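# Remarks on the overall topology
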2 protein chains.
Amino acid sequence: MHTYTGRILYVDLATGSHRTASFDESFAKEWIGGTGFGVKLLMDHLPQGIDAFDPANPLIYVTGATTGAMLPCTTSKFGVFAKSPGTGLLGEAYSTGTWGAEMRLAGYDAIIITGKAAKPVYLWIDNDTVTLRNAGHIWGTTTWEAEHLIKDELGDQNVRVSGIGQAGENLNRLACIINDHFRAAGRTGLGAVMGSKNLKAVVLRGSKGVTVAEPEAFMELAKDLHERARGPATAKYRGLGTVANMLTLNAQGAMPTRNYDDAMFEDIEQVSGELINEKYVVKIQACSGCPCRCDHIARVREGSFKGAIARIEYEPTMAFGPYCGVSDPEAIIKSYESCNLYGIDAIGAGIVVGFAMECFEKGFLTLEDTGGLELAFGNGAAMVELLRKMALREDRVGDIMAEGVKKAAEIIGQGSDHFAMHIKGLEMTGYDIRTLKTAALGYAVSRRGGDHQRHGSYGHDLGGKVDRFTADAAKGQLVKDDEDFYALVDSLILCKFTRNIWQGYDELAKVYSIVTGIPMTGEEMHLAAERISNLSRLLNIREGLTRADDNLPPRVMKDPVRSGVGKGQVTSQEDLDIMLDGYYSSRGWTVAGVPTMEKLEQLGLLGYAAIIEDQLP
Amino acid sequence: MHTYTGRILYVDLATGSHRTASFDESFAKEWIGGTGFGVKLLMDHLPQGIDAFDPANPLIYVTGATTGAMLPCTTSKFGVFAKSPGTGLLGEAYSTGTWGAEMRLAGYDAIIITGKAAKPVYLWIDNDTVTLRNAGHIWGTTTWEAEHLIKDELGDQNVRVSGIGQAGENLNRLACIINDHFRAAGRTGLGAVMGSKNLKAVVLRGSKGVTVAEPEAFMELAKDLHERARGPATAKYRGLGTVANMLTLNAQGAMPTRNYDDAMFEDIEQVSGELINEKYVVKIQACSGCPCRCDHIARVREGSFKGAIARIEYEPTMAFGPYCGVSDPEAIIKSYESCNLYGIDAIGAGIVVGFAMECFEKGFLTLEDTGGLELAFGNGAAMVELLRKMALREDRVGDIMAEGVKKAAEIIGQGSDHFAMHIKGLEMTGYDIRTLKTAALGYAVSRRGGDHQRHGSYGHDLGGKVDRFTADAAKGQLVKDDEDFYALVDSLILCKFTRNIWQGYDELAKVYSIVTGIPMTGEEMHLAAERISNLSRLLNIREGLTRADDNLPPRVMKDPVRSGVGKGQVTSQEDLDIMLDGYYSSRGWTVAGVPTMEKLEQLGLLGYAAIIEDQLP
């Protein structure tokens, strides 16, 4: 019986050397894959307290146990980890498309890249052959140009490229890593880590097979899941895609509008998912081996943004639409395209633009600062231009905004931190958490910052399962449970769009065992998930996080929502404290948010006790 | 050039005689078709003040100008009109499937059936050959058995049957008329009018063509609409069907639960559209010539309700689910099937069952009344059994509830009218109008009673386009505009699921002209729509309606919602009065809700001035 003995590729950019190592069954059982591997490997390879742009900051790619196999909706995802230039804490981001499967087919479960190349390079991994190649002629190009040039140079149009655009090269703290044109390891600025290493791209060709321990059971499972994945649970993603959320979140008074000035956008019909699909979507496509086909590719056919193309999603549509007061879908599509080309996190970028617009309207940024841009809310053309300036650090506004909204507010001062919408330095995503209290807690404690993807706790609020306007301690347990389940989803790595087709921890344990040959129960899976959540916390504590960082932007706590069902709502410091206490308690942490020795012992994490010893009562 | 000169078939059941008549272009231009024809023909053929079960009450079938042609989503709908046994006012209901197209292919734009047959009969229309046939051997059967027997007897499996089950025969005031097994002219008790005439069914065979005035332009239009109709605007209906609303309306705190005790159902996940599709839907089908295919046919595979089959929709799922506190989808599917078999309005039936459950829990109905049924909220088996009793008027409970909720509350007394959820005698539908103020106004003034289908004004509230919790006069204009547009949609007759694919009055005028050869502008269309709305009002006023009938159920005005985003909401008499004043004013009516002479003159309705003369100031 095959068991899961994984292979890790180590690459040192400074010397050009590389080696491989293997992890054993007990490592796999403890850390599962994906997130678990990423957090564990980062914890063990990141020197404490270094700057994110220090060459020693390891850039880590991970896949999951089923990546590259034919289990629907699990075959294509991969994760990237490093210390984040935006938050100074755990940096992590996930992408999908075809790159992840290729990495596994090349024979790797993890790739750890350290050091800094003397000159721009790209890393070329052709199964077991690993080389660094000169990227001097590619430096300064967009992600799409770079991919094109690399494919031509290697004489192979089927290599897979994961790389950065000008934003990453320029150490823009919102820089992301792009693959397959439209897919991004988007958040926490990992593209800037890549840029700081003089690494333009990681290029893969994999032609090995992926084996599973129990082929027959696996095929049964794959067939069953194929049917389930095409079922009603994913109908929304196939139909309109995630932009279906535009009208519903707006109607529910949870649509961040004009830099969180309101929670509803008056021109929502002009940027609805229905309208965008009708007028702009030209193609629908899927990731490797996925029957859901959620990718809705939109194209602008005429006008000033003619030719712009983007894989349209809720978050960027929110961020470049209502969040910036923009009601022109063509400016939104163009902005999203710019982010993919320059390699900028399209969520964070929109939040930064919204912040810049408010600064401009308040007079904190002048026309001189903006290079003549009239950065008023609703000005789509100015938004597009600002994104370019941010990528290239052009003018004062481009240079400041490239630092991300937290540092930008520090530079601008004048109380602008009141409306700098971030948590822990990561820009917020598209759920107004004044009207969604469970989500507010989830955001506040999320290990990567202002983000809904580590917990998905908005589901309780929007699904009407809880009183979304009342903060209570019981929401702590909900968020804890969500986080652990999501930690497992991201460790396996499953596409989150299919999170509801799986029958809980027991089925996920069964899947893992069938694929890896490692016996695993639902309970063990659950414990592993909690272990991963706790190790993430320990990593963040080691890098300086305290309870005070589990906070909310001042505007969320103090400026009431102006309209809609959530009119008048804030999520106050008092609200947050009630929920935080409940959350820490359900986690078995101290009131300071520190895991106890008992918790470490229970999870087999006593080796990390030194991190917290002097923080315990 | 062909112009629209329509044919009306008159049938007198008392004598068995029939004749045809034609209407001219000016009639078509004034009344469009569908609703317009139905209201106009009823107004002119219904003797004032008679009982709904009087043989003189005309039962009127109508089609639209494009019925039977190949314009997507307009080919299959038909309407039925008569004085309603439930409300004593305008009775109207619409159905789709294949019957409507067949009626047009048989050469008729309207069929007017008066009188009462001495013995049970069915009406057999084979193109121009019209006969009454004995239905003695069919009387007492379900709608499905009747269809089967009729097809066998006529030796033609392709005839189309629109008929009643036992409920209609027994003058159940909730009785509907069923065609194509799963399609119903559902509301306002028209099946009982059919039953009162000893008419079991109207059976059709049509083999004539349907011609259009401008074939080439028509084909262009049909192709274009075919694409639009398959686009994003109808994605919801193709995907999960209208049961997609179960989770969203619940989350928005607008789900009538346990006879309007609350606006959220705690077990909503168990009756979600996602779950029902996943576990029960076995087939998806479409009406004649429709690319949308919204029919989701659900089947119970095992257990006590094994074999039950129903075309699953939001409204009955709401009514037999949350509204009755039932969380068993199999009991819901079985109940819906029972309604189709017995021929009962599945919406009204659920509201009546919920009422009966509250009466039982309050002790207003005893076990003796119920024939031993434990009619507690949540008891799905008892619900199924009560529906049978209502159809057959078995036991006191069956006999009382067959009268509809308004009359049932009058019989039961003890203040039960406080929670008898109807307007004008028509049971409410599935939008909690305490939390949706625009919808509340729409329901209050709807010409057929407690209903969302004459205005669709919930769209403003749920779409977040207005403050849904505040009553203001401006909502009057919104409802007025909605009603007029819907009057036109129902006159053409278009499927409402496609209401958003049309580009307003101008495009609808163009469609009408291309099909009928009658020149028509958007403005003329708009005026016709308003004319139809006003004639409906005049008809209702003639039959006794006053401002006091434009009301809301006492529970809506006095019992606050218990949970969800709308917690604490009522729509009070004061709220209603503010909105009513705004509505009447936008309509150009008096504060008593009576059209003025100026309005009648503007709409060419002065011929009906006698109805209102003594009501004007």
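About the criteria used
- Residues numbered from 1 in each chain as written.
- Chains lettered and ligands numbered in written order.
- Predicted model: local features only at pLDDT ≥ 70, side-chain atom pairs only at ≥ 80, totals over all residues.
- Heavy atoms only, no water.
- Helix = DSSP H or I, 4+ residues; strand = E, 2+ residues; numbered from the N terminus.
- Rg over C-alpha atoms; globule rule 2.2 N^0.38 Å.
- Buried < 20%, exposed > 50% of the residue type's maximum accessible area, 1.4 Å probe, protein only.
- Contact = heavy atoms within 4.5 Å.
- Areas by Shrake-Rupley, 256 points an atom, 1.4 Å probe, with all protein chains shown as cover.
- Lys, Arg positive; Asp, Glu negative; His and termini not counted.
- Charge placed at Lys NZ, Arg CZ, Asp CG, Glu CD.
- Least-squares fit on C-alpha atoms with pLDDT ≥ 70 in both.
- Pairing = 2+ DSSP bridges.
- Axes fitted to C-alpha atoms, helices over the stretch in contact; angles between N-to-C directions.
- Polar contact = N/O pair within 3.5 Å; in protein donor to acceptor, adjacent residues only side chain to side chain.
- Parallel < 35°, antiparallel > 145°, perpendicular 65-115°, else oblique.
- Left-handed = near helix turned anticlockwise from the far one by under 90°.
- Phe/Tyr/Trp six-rings, centres within 6.5 Å; stacked < 30°, edge-to-face > 60°.
- Lys NZ or Arg CZ within 6 Å of the ring centre and 35° of its normal.
- pLDDT = per-residue confidence, 0-100.
- Disulfide = S-S within 2.5 Å.
- Buried area = accessible area lost by both parts, 1.4 Å probe.
- Salt bridge = Lys/Arg side-chain N within 4 Å of Asp/Glu carboxyl O.
- Nonpolar A, V, L, I, M, F, W, Y, C, P; charged D, E, K, R; others polar.
- Expected span 1.5 Å × (residues − 1).

### Re the overall build of chain A
Assigned secondary structure in chain A consists of 24 helices and 17 strands. Scaling as 2.2 N^0.38, a compact globule of 617 residues should have a C-alpha radius of gyration of about 25 Å, and chain A matches this with 23 Å. On the principal axes, the C-alpha backbone points of chain A span a range of 65 × 55 × 50 Å. Taken over 617 residues, chain A has a buried fraction of 67%. For chain A, contacts bridging at least 24 residues in sequence account for 68% of all contacts bridging at least 6. Of the roughly 19,200 Å² that chain A leaves accessible, carbon and sulfur atoms contribute 49%. Each charge class in chain A can be summarised by its mean position, and for the 63 positive and 79 negative side chains these summaries are 3 Å apart.

### Some details on the relation of the copies chain A and chain B
Once chain A is rotated about the relating axis by 180° and shifted along it by 0.1 Å, it coincides with chain B to within an RMSD of 0.0 Å. The operation mapping one copy onto its partner corresponds to a two-fold rotation axis. Here 100% of the contact residues of chain A are again contact residues in chain B; the copies associate through an equivalent surface.

### Focus on unusual backbone geometry
Among all residues save glycine, negative phi is the norm, and among peptide bonds the norm is trans. Residue and element names in this part refer to chain A. Geometrically, the link from L492 to I493 is a cis peptide bond, its omega value of -20° lying close to zero. Phi at N127 takes a positive value of approximately 55°, unusual for a residue other than glycine. On the secondary structure map, N127 appears in the loop between strand 7 (121-126) and strand 8 (129-134). Since its relative accessible area comes to 14%, N127 is described here as buried.

### What to know about the sheet that holds strand 2 (residues 18-23) of chain B
In sheet architecture, strand pairing relies on hydrogen bonds along the backbone and comes in two forms, parallel and antiparallel. Residues and elements named next belong to chain B. Here 6 strands make up an open sheet; going across it, the order is 2-1-6-3-4-5 and the pairing mixed. At either end of the open sheet lies a strand with only one pairing partner, and these are strand 2 and strand 5 (90-95). Put simply, the sheet's adjacent strands are angled 20° from each other on average, direction ignored. By the bridge criterion, 5 bridges tie strand 1 (residues 6-12) to strand 6 (residues 110-114) in an arrangement that is parallel. Considered in strand 6, the bridge of Y10 is made with I112.

### Some thoughts on the sheet that holds strand 14 (residues 295-299) of chain B
All names here are of chain B. Reading across the sheet, the 3 strands line up as 13-14-15 and stay open at both edges, with antiparallel pairing between neighbours. Strands with a single pairing partner mark the edges of an open sheet, and in this sheet they are strand 13 (281-285) and strand 15 (309-311). Sheet twist, expressed as the average angle between the axes of neighbouring strands with direction ignored, equals 20°. Of the strand pairs in this sheet, strand 14 and strand 15 are connected by 3 bridges, and their pairing is antiparallel. Following the sheet pairing, A298 is matched in strand 15 by A310.

### Focus: the side chain of T143 of chain A
All names here are of chain A. As for its placement among the helices and strands, T143 is situated in helix 4 (residues 143-154). Side-chain polar atoms of T143 contact the backbone oxygen of N340, separated by 2.7 Å. Excluding residues that lie within four positions of it along the chain, T143 makes contacts with G163, I164, G165, I178, N340, L341 and G343.

### Focus: helix 17 (residues 437-445) of chain A
All names here are of chain A. Of all 9 residues that make up helix 17, 9 are buried, and the element is covered over most of its length. Among the residues making up helix 17, those that are buried are K437, T438, A439, A440, L441, G442, Y443, A444 and V445. Where helix 17 is buried, its residues meet strand 16 (422-423), helix 18 (458-462), helix 19 (475-492) and helix 23 (573-587).

### Description of the packing of helix 13 (residues 346-361) of chain B against helix 16 (residues 404-412) of chain B
Packed helices, taken two at a time, are described by the angle their axes make and the gap between the axes. All names here are of chain B. Remark: helix 13 packs on helix 16, axes separated minimally by 9 Å, with the N-to-C direction vectors making an angle of 20°. In this view, helix 13 runs roughly parallel relative to helix 16, as classed from their interaxial angle. Classified by chirality, the crossing of helix 16 by helix 13 is right-handed. Taken together, the residues of helix 16 that come into contact with helix 13 (itself represented by V352, F355 and C359) are G404, V405, A408, A409 and I412.

### Here we look at the packing of aromatic side chains
Tallied over the entire structure, the rule returns 36 aromatic pairs over all chains. Measuring from centroid to centroid gives 5.9 Å for Y583 of chain A and Y584 of chain A, while their planes differ by 55°, and the two rings are tilted. Plain terms: the ring middles of F27 of chain B and F37 of chain B are 5.3 Å apart, the flat faces sit at 40° to each other, and that makes the pair tilted. With F27 of chain B in helix 1 (residues 25-31) and F37 of chain B in helix 2 (residues 34-45), this pair connects stretches of sequence that are 10 residues apart. The class for F27 of chain B is buried, based on a relative accessible area of 16%. Of the residues examined, F37 of chain B reaches a relative accessible area of 0% and is grouped as buried. An aromatic cluster of three or more residues is present, and its members are F23, F27 and F37 of chain A. A cation over a ring is seen here: R19 of chain B above Y10 of chain B, with NZ or CZ 3.9 Å from the ring centre. Above the plane of the ring of W139 of chain B lies K200 of chain B, whose end atom (NZ or CZ) is 6.0 Å from the centre.

### Here's the deal with the environment of Q569 of chain A
Take Q569 of chain A: it is sitting in the loop between helix 22 (554-558) and helix 23. A distance of 2.7 Å separates the side chain of Q569 of chain A from the side chain of K437 of chain A, its partner in a polar contact.

### Observations regarding the pairing of strand 14 of chain B
Residue and element names in this part refer to chain B. With respect to burial, strand 14 is a largely interior element, 4 of its 5 residues being buried. As paired elements, strand 13 and strand 14 share 4 bridges and run antiparallel to each other. The partner of I284 across the bridge, within strand 14, is H296.

### Brief notes about the confidence of the model for chain A
Residue-level pLDDT values for chain A average 95, and 100% of them are 70 or greater. Across the assembled chains, the prediction reports ipTM 0.72 with pTM 0.85.

### Overview of the environment of V489 of chain A
All names here are of chain A. If you trace the backbone, V489 turns up in helix 19. When the C-alpha atoms of V489 and W502 are compared, they prove to be 9.9 Å apart, with 13 residues separating the residues in sequence. Setting aside residues up to four positions removed in sequence, V489 forms contacts with L494 and K496.

### Some details on the state of the cysteines
Covalent bonding between the sulfur atoms of two cysteines defines a disulfide. Residues and elements named next belong to chain A. This model, assessed by the stated rule, comprises 0 disulfides over all chains. The cysteine C294 is free of any disulfide, with C287 supplying the nearest cysteine sulfur at 5.9 Å. For C294, a relative accessible area of 15% gives the class buried. A disulfide-free cysteine, C339 has its sulfur positioned 7.4 Å from the sulfur of C176, the nearest such atom.

### Description of the interface of chain A and chain B
It is common to give the size of an interface as the accessible area lost on bringing the parts into contact. Tallying the contact residues gives 21 residues for chain A and 21 residues for chain B. The contact between chain A and chain B buries some 1,600 Å² in all, and 63% of this surface belongs to carbon and sulfur atoms. Notably, a salt bridge pairs E269 of chain A with K465 of chain B, separated by 3.2 Å at the nearest N-O pair. Across the chain A-chain B interface, the total number found is 2 residue pairs in polar contact (both at pLDDT 80 or more). Those elements that place two or more of their residues in the side of chain A that touches chain B are helix 9 (245-251) and helix 10 (273-280) of chain A. Sort the elements by how many residues they give to the side of chain A that touches chain B and helix 10 of chain A lands first, with 3 residues. Taken together, the residues of the side of chain A that touches chain B break down into 8 nonpolar, 5 polar and 8 charged.

### Topic: helix 13 (residues 346-361) of chain A
Residue and element names in this part refer to chain A. With 16 residues, helix 13 extends 23 Å between its outermost C-alpha atoms, agreeing within 8% with the 22 Å of an ideal straight helix rising 1.5 Å per residue. Counting buried positions along helix 13 gives 15 out of 16 residues, so the element sits mostly inside the fold. Taking the backbone nitrogen of I347 as reference, a side-chain oxygen 3.0 Å away marks D345 as the first, capping residue of helix 13. Among the residues trailing helix 13, G363 stands out with phi positive, at a value near 85°.

### With respect to the environment of V130 of chain A
All names here are of chain A. Counting through the fold element by element, V130 comes out in strand 8. With a relative accessible area of 11%, V130 lands in the buried category. Taking the C-alpha atoms as reference points, V130 and L341, separated by 211 residues in sequence, lie 27 Å from one another. With sequence-adjacent residues up to four places away left out, V130 is seen in contact with L9, V11, H18, Y108, L123, W124 and I125.

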